[in-house]
Each structure stands twice: as C-alpha cells, then as structure tokens.
Amino acid sequence: MEELFFESEDLFNNRGSSPVTLVSGSLLGSNAQVVSLPSDGYDPAAGLAVTVTGWGRTRTGGPAASTLQKVDISISDRSYCQSFFSSVVTPRMVCAGQAGKSVCNGDSGGPLLQQEGFGL
C-alpha cells in the first residue's frame, strides 16, 4: 500500500493534510470499491446529485451517529453559497445541501461522491 497526502481547506480557512492510502487486492470487494478523483479545476454544476457519508451528529447539538450515515443531496449554486457564507468560500470548495438534508458537525473530511460521469 502507498500513502499519499490530500490537502484540504474548511470554511474557516483551516488548511490540513490528510493521509490517503492507496489500496488494492483483498481489501476491495462488495463493501469497498475504488473511486475516481476529479481532474484539477473540476467545478461541479449547481443541482448535480451527490452523496455524502459520515459519522457526524444526526441533528444540531445531538449525539454523534453510532452507525455510518448517508444523505443524497445536490450541489448548491456557487454565487448563492458565497453570498450566504461571505468570502470564506474559496474556489477549492463546493457547497451542497437542501432543505432538511445536509451534513453536520463531525462529518468534516468525509467523502462527497458523485455517481459516474464527471469527465476524468
């Protein structure tokens, strides 16, 4: 296995480096599969359907999830997102969510996945 590092940035301009381990062989199966990464500069369109998973809180102020959670949401319009969150939204970030469906504290760093076809 080979370990790489993924550079990330959050809404508060906290930058970090997270280890990413490349896996193959026996670790892959029906419950663990390879995902492709988008090309540099990829900017998903507003309305694009995505899936987010995480172990975060199931409601504001609530407890962390005891089982892995999944929510299907869509990418938000970048200009709307920037007007809502001010200047903290950088070109390296995306906003996603919809009424009654979103991520919560503890989901940071989890995957945001798009079904196939983003043009790698």
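This text follows the structure it describes.
Quantities reported herein were computed from a predicted structural model and do not represent experimental measurements. (Residues numbered from 1 in each chain as written. Predicted model: local features only at pLDDT ≥ 70, side-chain atom pairs only at ≥ 80, totals over all residues. Heavy atoms only, no water.)

1. Details of the nonpolar core
Condition: We define the nonpolar core as a collection of buried residues of types Ala, Val, Leu, Ile, Met, Phe, Trp, Tyr and Cys that are connected through side-chain atoms lying within 4.5 Å of one another. Only protein chains enter the accessibility calculation, which uses a 1.4 Å probe. A residue is then buried if its area is under 20% of the maximum for its type, exposed if over 50%, and partly exposed in between. Helix and strand assignments follow DSSP, with helices taken as H or I runs no shorter than four residues and strands as E runs no shorter than two, numbered in order from the N terminus. Residue contacts are defined here by distance: any two heavy atoms, one from each residue, within 4.5 Å place the two residues in contact.
Core analysis: the largest hydrophobic core is formed by five residues, namely Val 50, Val 52, Val 71, Ile 73 and Ile 75. Broken down by secondary-structure element, the contributors of at least two residues to this core are strand S3 (49-54) and strand S4 (69-74). When sequence neighbours within four positions are dropped, the list of residues in contact with Val 71 reads Val 50, Thr 51, Val 52, Lys 101 and Ser 102.

2. So, the sheet that holds strand S5 (residues 112-113)
Defined as follows: In this description, strands pair whenever DSSP reports at least two bridges between them.
The strand order S4-S3-S5 describes an open sheet built from three strands, whose pairing is antiparallel. Taken across any chain shown, the strands that pair with only one partner, and hence form the sheet edges, are S4 and S5. Taken together, the six bridges between S3 and S4 define a ladder with antiparallel strand orientation. Residue pairing in the sheet places Thr 53 in a bridge with Lys 70 of S4.

3. Some words on the state of the cysteines
Threshold: Throughout, disulfides are identified as pairs of cysteine sulfur atoms within 2.5 Å of each other.
The full count for this structure, using the stated rule, is one disulfide. The disulfide bridge from Cys 81 ends at Cys 95, spanning 1.6 Å between sulfur atoms. Here Cys 95 lies in the loop between helix H1 (78-85) and S5 and Cys 81 lies in helix H1, a separation of 14 residues in the sequence. Take Cys 95: its relative accessible area is 16%, and that puts it in the buried class.

4. Here's the deal with the pattern of salt bridges
Operational definition: Whenever a carboxyl oxygen of Asp or Glu lies within 4 Å of a side-chain nitrogen of Lys or Arg, that contact is scored as a salt bridge.
With the rule as written, the count across this model stands at two salt bridges. Measuring nitrogen to oxygen at the nearest pair gives 2.7 Å for the salt bridge that ties Arg 78 to Asp 43. Taken as a pair, Arg 78 in helix H1 and Asp 43 in the loop between strand S2 (15-22) and S3 lie far apart in primary sequence, 35 residues in all. Taking relative accessible area as the criterion, Asp 43 reaches 46% and is therefore assigned partly exposed.

5. What about the packing of aromatic side chains?
To describe a pair of aromatic rings, one takes the distance between the centres and the angle between the planes. The cut-off we apply is this: Between the rings of Phe, Tyr and Trp (Trp by its six-membered ring), a pair exists once the centres lie within 6.5 Å; its type follows the angle of the planes, with under 30 degrees stacked, over 60 edge-to-face, and the other angles tilted.
Tallying each qualifying case throughout the model produces one aromatic pair. Aromatic pair Tyr 80 and Phe 84: ring centres 6.1 Å apart, planes at 20°, arrangement stacked. Taken together, the residues span about one helical turn, with Tyr 80 and Phe 84 both in helix H1 at a distance of four residues. By relative accessible area, Phe 84 is classed as exposed at 56%.

6. So, the pairing of S3
A large share of S3 lies buried, amounting to five of its six residues. Pairing between S3 and S5: two bridges, direction antiparallel. Bridge assignment links Val 52 to a residue of S5, and that residue is Leu 112.

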